[in-house]
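Residues per chain are reported as follows:
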Amino acid sequence: MTAAIELDRVNLALGSRRILEDVSLQIRPGELVALLGPSGSGKTSILRVVLGFLAPVTGVVRIAGEPVSADGRVLRPPEERGLSMVFQDLALWPHLTVAGNLDFGLAARGVPRSARLERIGTMLSRVGLTERARAYPGELSGGERQRVAIARALVLEPKALLLDEPLSSLDTPLKRELMLLLSELLDEHRVPGLYVTHELREAAALGDRLAVLEAGRIVQEGSLESLRSAPATPFVRVLVEDFP
Amino acid sequence: MLVVAALLPLLSLLAELPATAGTVVEVLGVRRPWELLLYSTALAAVVTIAALAVGIPLGLLIARSDLPLRRTVWALHLFPLFLPPFVLALGWFHVLGRTGLIGAESTARVLFSAAGVIWVLWLAFTPVCTSLVALSLLGVDASLEEAARLVASPWRVASRILIPSARPAIVLSAIVVFALAISELAVPMFFRVDVFPAAVFARLGGIDYAPGEAFTLALPLLPLALLLLALERRFVGPRSFAVAGLHGMTREPIALGAWRPVACAAALLLVVLDLAPLLVLGQRAARGGGLTALPRWLGQAPWNSLVSGAVAATIIAALGFVLGHAAARRIRGATSLDALSMLAFIIPAPVLGVGLIAVWNRSWSQAVYGSLAILVVGFIARYTVVALRTISSVILQSARDLEDAAATSGAGAWRRLGRIVLPLNARGVVAGWLLAFLFCVRDLETAVLFYPAGREPLTVRLFTLEANGPQAVVAGLAVAQVLLTAAVLGLGALAFSSRRILR
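These figures come from a predicted structure and were not determined experimentally.

## What to know about the overall build of chain A
Here is step 1 of the chain: Helix and strand content of chain A: 8 helices and 11 strands.
Here is step 2 of the chain: Computed over the C-alpha atoms, the radius of gyration of chain A is 18 Å, within 12% of the 18 Å expected from 2.2 N^0.38 for a compact globule of 244 residues.
Here is step 3 of the chain: By principal-axis analysis of the C-alpha atoms, chain A measures approximately 50 × 45 × 35 Å.
Here is step 4 of the chain: Here chain A holds 244 residues, and the buried ones make up 43% of them.
Here is step 5 of the chain: Expressed as a percentage of contacts within chain A between residues at least 6 apart in sequence, the contacts between residues at least 24 apart total 65%.

Have a look at this one:
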């Protein structure tokens, strides 16, 4: 089966600093891989390589089997990769309303106006924000902003969804509520995804499979149980020991 | 000090109303001043629209595209902003005037018309739009742009996300360009185009001397200034939209693709238009012996410019630091003082000039009015906002926790300012000083109304000599102004590049 996203021996350097070393990772259709790692391990860099904002020095990135970056070159620009992303700081455009934020990408992809309105209405209804369609991001609560960011990513029906620690700044009750919503939405849309986090609880709750990144290398991949039974590094051991 | 320098002149202008009541009907009851005001407003509006039309795309190219040598293009394009527009007008006279480098009767006719005024002011003030837009775009959160680039073409990202994000900067640049253009006196007078500020100026000196009429004529400009201030408060306010450094330029730029050669050619053409008149001025001055004759003609003028500019810039930087910090931290009263400083900057220069004359031209204040001190007061009134906004932008981007930590350690407000805020934001304060100094040294439109006899700054010396001085010497004086500005900018650049001086 062709992988939705594939990184094949990807190396990345910024100046003289090596960021990623021989990273290989596959995300299969319908699968959500949770990428764990300490701060500075290169998690966000992997997302930026997949998105096309950074070109790997060597190695290949494929989306649905098609090479999109290879050996220092971006073969397909970000806007042509069909991916969506929920950013860590959400990146909601402050001058556009909630509906405007959802509409931007649909309009850019040439979706007819009537279809756009229908898709935006359905998505806002699904995340419980129908009443807030005309509000601006600055007028929303923290939880509402998170839901807009998720809705904006999914309304595009992307080939894959990337999430960069989207829940890291939330309190526990709100985080639980949004994890549940996210889990339901990912199931409904059956969209493959890469979920970057440094919290094993989130990774275990949402991810079908876990991958651990340390100092730019994938040091272990597998289920929570496999990580527990044979932690590959001291960091992985500490990670699983702290998790009940 | 800001209140004394900026608010008193405006209040005194209003206080003069009863005394000038008799002249109101006589001066404003005829068509001519209103025609001039309308004409000046239209000229300023055209300059503003033209500056926006070029400044917005160029700011975008400089901040976010892969245009080659972006920083160099920006620096060269920016340079004329720090010169009095009159110097550019002189330069273009030597290019397109009847005896100019490529001049003829027809080019001279176009130059000595409203078109010439618009052309020179457009070149002089477009860098305001370019720079404010570029700084604003460099401050846009990278993830906002990346979120858009995931789904849209670069052109769509630029037009729908980046440029709307820069809206406050665009509005501010439009207000500043309009205010500078409607205040401009020397360029229209040089090109023999009648404008409103010239009518006020004429009544403050020469054969039309009638200060009462000047007060009256300045009055219609007050509502215009208040309208500009209302727009500024509505769309910009004291918020920061710019960045303290140029780190944003290291982000992955948007590729221009096939448009890159076109963008390069357009940027190059603009830089040539910016610098060509200055080079021709140098050539004219050197060929006609203007440079060798300079020492005899310069007198004390450069010294007057440097001393008044340095003293004013130092006071402005100190004021800007205290007020900029207060504005950034939303301390009570700061918004009003920020608005006052903005009003004094955007108010047409004749209004401020006439107000300063009304306050300081009194028997008890001749020590101020008859010395360089009046220039310092005028500069403080007009240019405090330049340092205030610069420093406030920088302070806004520094962590408030650092000040709070000092407060919890027992440091009072002044100790926190001196020991924590100032060292952390020293670059911003120096940048504020430098910008204020450059604006003071380039000032002509305010200083020409009240400079002390025999103590004129270089800009005024140049302007007054133009009418009857030898052309080569006038060109030489203009070159001196250019070199003075370049030297100040060069020293500023050195200070900023030296990590030991400014960490």
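Anyway, onward from the coordinates.
## A word on the overall build of chain B
Here is step 1 of the chain: Assigned secondary structure in chain B consists of 27 helices and 0 strands.
Here is step 2 of the chain: Compactness check: chain B gives a C-alpha radius of gyration of 23 Å against a globular reference of 23 Å for 503 residues, within 12% of the reference.
Here is step 3 of the chain: Seen through its principal axes, chain B has C-alpha atoms that stretch 65 × 60 × 45 Å.
Here is step 4 of the chain: The buried share of chain B, reckoned over its 503 residues, is 52%.

## Let's talk about the sheet that holds strand β4 (residues 58–63) of chain A
Residues and elements named next belong to chain A.
Here is step 1 of the chain: Reading across the sheet, the 5 strands line up as β2-β1-β4-β5-β6 and stay open at both edges, with antiparallel pairing between neighbours. Every interior strand has two partners, whereas the edge strands, β2 (17–27) and β6 (73–74), have only one.
Here is step 2 of the chain: Sheet topology note: the strand β5 (residues 66–70)/β6 ladder contains 2 bridges and is antiparallel. Within β6, the position partnered with Ser 69 by the bridge is Val 74.

## Focus on helix α1 (residues 2–15) of chain B
Residues and elements named next belong to chain B.
Here is step 1 of the chain: Its 14 residues give α1 an end-to-end C-alpha distance of 19 Å, which sits within 8% of 20 Å, the value for a rise of 1.5 Å per residue.
Here is step 2 of the chain: The largest bend in α1 comes to about 35°, at Leu 8, with the proline Pro 9 one to four residues further on.
Here is step 3 of the chain: Every buried residue of α1 is accounted for by Leu 2, Ala 5, Ala 6, Pro 9, Leu 10 and Leu 13.

## Quick word on the sheet that holds strand β9 (residues 193–197) of chain A
Strand pairing in a sheet relies on backbone hydrogen bonds, with the paired strands running either antiparallel or parallel.
Residue and element names in this part refer to chain A.
Here is step 1 of the chain: With mixed pairing, 6 strands are arranged side by side in an open sheet as β7-β8-β9-β3-β10-β11. What marks the edges here is a single partner per strand, and that holds for β7 (83–86) and β11 (217–222). The average undirected angle you get between the axes of adjacent strands in this sheet is 20°.
Here is step 2 of the chain: Pairing of strand β10 (residues 209–214) with β11 involves 5 bridges; the strand directions are antiparallel. The partner of Glu 214 across the bridge, within β11, is Arg 217.

## Notes on the nonpolar core
Here is step 1 of the chain: Residues B:Val177, B:Ile346 and B:Ala436 are the most contacted members of the largest nonpolar core, which totals 248 residues.
Here is step 2 of the chain: In contact with B:Ala436, other than residues within four places in its own chain, are B:Ala313, B:Ile316, B:Ala317, B:Tyr383, B:Val386 and B:Ala387.

## Overview of the domain arrangement of chain A
Here is step 1 of the chain: Segmenting chain A into domains produces domain 1 (5–82 + 160–241) and domain 2 (94–157).
Here is step 2 of the chain: Between domain 1 of chain A and domain 2 of chain A, the contact holds 9 residues from the first and 8 residues from the second.

## Some details on the environment of B:Gly257
Here is step 1 of the chain: Within the secondary structure layout, B:Gly257 lies in the loop between α14 (221–235) and α15 (260–287).
Here is step 2 of the chain: The sequence separation of B:Gly257 and B:Asp66 amounts to 191 residues, and the corresponding C-alpha distance is 9.0 Å.

## Concerning the interface of chain B and chain A
Here is step 1 of the chain: Counting from both sides, the interface comprises 17 residues of chain B and, opposite them, 17 residues of chain A.
Here is step 2 of the chain: Elements that contribute at least two residues to the side of chain B that touches chain A include exactly α8 (142–149) and α9 (154–165) of chain B.
Here is step 3 of the chain: Across the side of chain B that touches chain A, the residue classes tally to 8 nonpolar, 3 polar and 6 charged.

## Some thoughts on the pairing of strand β8 (residues 160–164) of chain A
Residues and elements named next belong to chain A.
Here is step 1 of the chain: Most of β8 sits inside the fold, with 5 of its 5 residues counted as buried.
Here is step 2 of the chain: Residues of β8 alternate between two faces, with Ala 160, Leu 162 and Asp 164 on one and Leu 161 and Leu 163 on the opposite face, all of them buried.
Here is step 3 of the chain: Where β7 and β8 come together, 4 bridges link them in parallel fashion. Counted as the bridge partner of Met 85 is Leu 162 from β8.
Here is step 4 of the chain: Across 4 bridges, β8 lies against β9 in parallel orientation. Its bridge partner being in β9, Leu 163 is matched across the sheet by Tyr 195.
Here is step 5 of the chain: With helix α5 (residues 172–189) bridging β8 and its parallel neighbour β9, the resulting β-α-β unit is right-handed.

## Overview of the pairing of β9(A)
Residues and elements named next belong to chain A.
Here is step 1 of the chain: The buried fraction of β9 is high, at 5 of 5 residues.
Here is step 2 of the chain: Two strands pair when backbone bridges link them, and strand β3 (residues 32–36) and β9 are joined in this way by 5 bridges, in the parallel orientation. Bridging from a neighbouring strand, Leu 36 pairs with Thr 197 of β9.

## Points about the packing of α15(B) against helix α27 (residues 471–497) of chain B
Residue and element names in this part refer to chain B.
Here is step 1 of the chain: It is the contact of α15 with α27, at a shortest axis distance of 8 Å, that shows an interaxial angle of 130°. Comparing the axis directions of α15 and α27 gives the class oblique. In this structure, α15 crosses over α27, and the sense of that crossing is left-handed. Each of Leu 278, Leu 281, Gly 282, Arg 284 and Ala 285 in α15 lies in contact with α27, whose residues at this interface are Ala 472, Ala 475, Gly 476, Ala 478, Val 479 and Val 482.
Here is step 2 of the chain: Its residues placed into classes, the contact of α15 with α27 shows 8 nonpolar, 2 polar and 1 charged.

Cut-offs and rules
- The numbering scheme is per chain: residues are counted from 1 as the chain's sequence reads.
- Each chain gets a letter, beginning with A, and each ligand a number, beginning with 1, in the order they are written.
- The predicted origin of the model limits local features to residues at a pLDDT of at least 70 and limits the giving and counting of side-chain atom pairs to 80 or more, whereas totals for whole chains, interfaces and linings rest on all residues.
- A run of DSSP states H or I qualifies as a helix once it reaches four residues; a run of E qualifies as a strand once it reaches two. Both are numbered from the N-terminal end.
- Throughout, the radius of gyration refers to the C-alpha atoms, and the reference size of a globule is 2.2 Å times the residue count to the power 0.38.
- Counting other C-beta atoms within 10 Å of its own, a residue is labelled buried from 20 upward, exposed at 12 or fewer, and partly exposed in the gap between, with every C-beta atom placed from the backbone.
- By definition, residues are in contact whenever their C-beta atoms, placed on the basis of the backbone, come within 7 Å of each other.
- The pairing criterion is simple: DSSP has to find at least two bridges between the two strands.
- How far a helix is expected to stretch is found by multiplying one less than its residue total by 1.5 Å.
- The bend reported for a residue corresponds to the angle between axes fitted to the seven residues ending at that residue and the seven starting there.
- Helix axes use the C-alpha atoms of the stretch in contact, all axes being lines fitted to C-alpha atoms, and the angles between their N-to-C directions lie in the range 0 to 180 degrees.
- Among buried residues, those of type Ala, Val, Leu, Ile, Met, Phe, Trp, Tyr and Cys that are joined through C-beta atoms within 7 Å form a set called a nonpolar core.
- Where each domain starts and ends comes from a domain assignment, either automatic or drawn from a database.
- Side-chain classes follow a simple rule in which Ala, Val, Leu, Ile, Met, Phe, Trp, Tyr, Cys and Pro form the nonpolar group, Asp, Glu, Lys and Arg form the charged group, and the remainder, Gly included, forms the polar group.
- A crossover gets the label right-handed when its path from the first strand over the helix to the second runs clockwise, viewed with the strands pointing away from the viewer.
- Every angle not falling under 35 degrees, over 145, or within 65 to 115 is termed oblique; those three ranges are roughly parallel, roughly antiparallel and roughly perpendicular.
- Crossing handedness follows the turn of the near helix against the far one: under a right angle anticlockwise gives a left-handed crossing, and clockwise gives a right-handed one.

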